[in-house]
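An overview of the molecular structure
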Amino acid sequence: MHSALATAAEGVLPDPLDHFAEEHLRQREICGMLDTIAAAARPDRAVTIEALRHLTTALPRHLHDEEQGLFPSLRHRSEPDDEINDTLDRLDADHARTAQFLDAVIAALGRIAGSGGALTAEEAETVTGFAAHERRHLIVENAIVLPLARVRLTAGDLDALRQAMVLRRAPDTNTDSTGDRDANWDGEGDGDGDG
């Protein structure tokens, strides 16, 4: 296996659904950081940079993992009685809303990461609104989507899902179509397996 793929594979848990659950926990942590940043008169620069890294690399990758892998697989495997399609449609719409928020949140955090100042009242409202939106979204995914996926997806589905996730995390395979933004806010690479 190519070294970049091997490294990426180490960053994805053997069960991709466990990986999604871990990423959701990390997203909740980031939401807490965003609320702290929004409320601070002088936000901690390291915390701001950590949140920026997540929002510019891990989150877009995660959204693509869901949109291109998890959600289509679940639509394919679900039974009519599962009534999951409306929920997945709602989550897809939530992703579109996330994308609308994201540029403004990243711009606000990027500004204060460079200046050391605080968010404006409008920026703080945008950042806390984004965090609240993400928390509501995660509740649905954790309570409905992941439990159903554990019942419906086959071993083959899970393997294909994991392989796509690994490829998406390998930086020099030219397979990443997530549109990830530059995460080098402090002159270093992302470095994490996403969390």
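What you are looking at is a predicted structure, and each value in this text was computed from that prediction instead of being measured.

Re the overall build of the protein
Summing up its helical and strand segments, the protein has 6 helices and 0 strands in all. Put simply, the protein runs from its N terminus to its C terminus through helices and strands in the order α-α-α-α-α-α. Of all 195 residues assigned to the protein, the portion counted as buried reaches 46%. Pairs at least 24 apart in sequence give 82% of the contacts found in the protein among residues at least 6 apart. For the protein, the accessible surface area stands at approximately 9,400 Å², while carbon and sulfur atoms represent 51% of it.

Considerations on the environment of Arg-61
Assignment of secondary structure puts Arg-61 in helix 3 (residues 45–77). Judged by relative accessible area, Arg-61 falls into the buried class, the value being 8%. Here the alpha-carbon distance between Arg-61 and Arg-169, two residues 108 residues apart in the chain, equals 7.8 Å.

So, the packing of helix 3 against helix 4 (residues 85–115)
Orientation of helix 3 relative to helix 4, taken along the N-to-C sense of each, is 160°, at an axis distance of 10 Å. On the basis of the axis angle, helix 3 is roughly antiparallel to helix 4. Every pair of crossing elements has a handedness; the one defined by helix 3 and helix 4 is left-handed. Across the contact of helix 3 with helix 4, the residue classes tally to 16 nonpolar, 6 polar and 6 charged.

Points about the packing of helix 3 against helix 6 (residues 155–169)
Running from amino to carboxyl end, helix 3 crosses helix 6 at an angle of 165°, the nearest separation of the two axes being 10 Å. Classified by the angle their axes make, helix 3 and helix 6 are roughly antiparallel. The chirality of how helix 3 crosses helix 6 is right-handed. For the pair helix 3 and helix 6, contact is made by Arg-61, His-64, Asp-65, Gln-68, Gly-69, Leu-70 and Arg-77 and by Asp-157, Leu-161, Met-165, Arg-168 and Arg-169, respectively. Taken together, the residues of the contact of helix 3 with helix 6 sort by class into 3 nonpolar, 3 polar and 6 charged.

Some points on the packing of aromatic side chains
The full count for this structure, using the stated rule, is 1 aromatic pair. Ring geometry for Phe-101 against Phe-130: centres 5.8 Å apart, planes inclined by 70°, an arrangement best described as edge-to-face. Note that Phe-101 is positioned in helix 4 and Phe-130 in helix 5 (residues 121–152), a separation of 29 residues in sequence. Residue Phe-101 shares its accessibility class with Phe-130, and that shared class is buried.

Side note on the side chain of Arg-168
Structurally, Arg-168 is set in helix 6. Reaching out from Arg-168, the side chain makes a polar contact with the side chain of Asp-65 at a distance of 2.3 Å.

Some details on the environment of Leu-52
One can find Leu-52 in helix 3. Classification of Leu-52 as buried rests on a relative accessible area of 0%. Residues Leu-52 and Ala-107, 55 residues apart in the sequence, show an inter-C-alpha distance of 9.4 Å.

Topic: a negative patch on the surface
Residues Glu-79, Asp-81, Glu-83 and Asp-86 make up a contiguous surface patch of negative charge. Looking at the secondary structure, you find Glu-79 in the loop between helix 3 and helix 4.

Details of the nonpolar core
If you look at the biggest cluster of nonpolar residues, it comprises 25 residues, and the most contacted ones within it are Leu-34, Leu-55, Leu-109, Leu-119 and Phe-130. At the level of elements, helix 2 (16–39), helix 3, helix 4 and helix 5 are the ones that each hand at least two residues to this core. At 8 residues, the largest contribution of residues to this core is made by helix 4. Aside from chain neighbours lying at most four places away, what touches Phe-130 is Leu-34, Leu-55, Leu-59, Thr-98, Phe-101, Leu-102 and Val-105. Core analysis: the next-biggest nonpolar cluster, separate from the first, contains 19 residues, Val-12, Leu-17, Leu-70 and Ile-84 among them.

Quick notes on the pattern of salt bridges
Within this structure, the stated rule accounts for 13 salt bridges. When the shortest N-O distance is used, the salt bridge between Glu-23 and Arg-169 registers 2.9 Å. Placement of the pair is Glu-23 in helix 2 and Arg-169 in helix 6, with a sequence separation of 146 residues. As far as the burial class goes, Glu-23 and Arg-169 line up, both buried. Taking the shortest distance from any N to any O, the salt bridge between Arg-77 and Asp-157 comes out at 2.7 Å. With a gap of 80 residues between them, Arg-77 in helix 3 and Asp-157 in helix 6 connect regions that are remote in the sequence. A residue is classified by how much of its surface remains accessible, and Asp-157, at 13% relative accessible area, is buried. One salt-bridge network, held together by shared partners, links Glu-23, Asp-65, Arg-168 and Arg-169.

Definitions and cut-offs
- Residues numbered from 1 in each chain as written.
- Predicted model: local features only at pLDDT ≥ 70, side-chain atom pairs only at ≥ 80, totals over all residues.
- Heavy atoms only, no water.
- Helix = DSSP H or I, 4+ residues; strand = E, 2+ residues; numbered from the N terminus.
- Buried < 20%, exposed > 50% of the residue type's maximum accessible area, 1.4 Å probe, protein only.
- Contact = heavy atoms within 4.5 Å.
- Areas by Shrake-Rupley, 256 points an atom, 1.4 Å probe, with all protein chains shown as cover.
- Axes fitted to C-alpha atoms, helices over the stretch in contact; angles between N-to-C directions.
- Parallel < 35°, antiparallel > 145°, perpendicular 65-115°, else oblique.
- Left-handed = near helix turned anticlockwise from the far one by under 90°.
- Nonpolar A, V, L, I, M, F, W, Y, C, P; charged D, E, K, R; others polar.
- Phe/Tyr/Trp six-rings, centres within 6.5 Å; stacked < 30°, edge-to-face > 60°.
- Polar contact = N/O pair within 3.5 Å; in protein donor to acceptor, adjacent residues only side chain to side chain.
- Patch = residues over 30% accessible without salt bridge, like charges linked within 9 Å, V, L, I, M, F, W, Y side chains within 5 Å.
- Salt bridge = Lys/Arg side-chain N within 4 Å of Asp/Glu carboxyl O.
- Lys, Arg positive; Asp, Glu negative; His and termini not counted.
- Charge placed at Lys NZ, Arg CZ, Asp CG, Glu CD.
- Core = buried A, V, L, I, M, F, W, Y, C linked by side-chain atoms within 4.5 Å.

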